[in-house]
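Architecture at a glance
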Amino acid sequence: MWIAVIAAWLLGSTTLYVYLISTAKEPQQPECFDCALSECSQCPHRQEVQETLRRAA
């Protein structure tokens, strides 16, 4: 019985791990880590960083 529980636990853990890895997405821009939006193009933090870079150049 304990062997079945351990086997089910391992199978469930492996399945969850594979699912999380396959559905993970990296942001296109490093600034997007701070945004809670799903689309990076409308991120206010990214726009702020770009404006700061424009002023510095």
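Notes on the structure follow. Keep in mind it's a predicted model, so treat the numbers as computed, not measured. (Residues numbered from 1 in each chain as written. Predicted model: local features only at pLDDT ≥ 70, side-chain atom pairs only at ≥ 80, totals over all residues. Heavy atoms only, no water.)

1. Considering the overall build of the chain
Counting its regular elements, the chain contains two helices and zero strands. Entry remark: accessible area of the chain is about 5400 Å², with carbon and sulfur atoms responsible for 63%. (Helix = DSSP H or I, 4+ residues; strand = E, 2+ residues; numbered from the N terminus. Areas by Shrake-Rupley, 256 points an atom, 1.4 Å probe, with all protein chains shown as cover.)

2. Here we look at the pattern of salt bridges
One side chain can pair with another of opposite charge once the charged atoms of both are near each other. One pass over the structure, following the stated rule, counts two salt bridges. A salt bridge links E51 to R54, with the nearest nitrogen and oxygen atoms 3.2 Å apart. With a gap of three residues between them, E51 and R54 both fall in helix α2 (residues 44-56), about one helical turn apart. Two residues, R55 and E51, come together in a salt bridge whose shortest N-O distance is 3.8 Å. Taken together, the residues span about one helical turn, with R55 and E51 both in helix α2 at a distance of four residues. Judged by its relative accessible area of 65%, R55 is exposed. A relative accessible area of 31% means that E51 is categorised as partly exposed. One network of salt bridges, in which partners are shared, links E51, R54 and R55. (Salt bridge = Lys/Arg side-chain N within 4 Å of Asp/Glu carboxyl O. Buried < 20%, exposed > 50% of the residue type's maximum accessible area, 1.4 Å probe, protein only.)

3. Points about a nonpolar patch on the surface
A cluster of nonpolar side chains, M1, W2, V5, I6, W9 and L10, forms an exposed patch at the surface whose accessible area comes to about 830 Å². As for its placement among the helices and strands, V5 is situated in helix α1 (residues 2-23). Assessed through its relative accessible area of 43%, V5 is described here as partly exposed. (Patch = residues over 30% accessible without salt bridge, like charges linked within 9 Å, V, L, I, M, F, W, Y side chains within 5 Å.)

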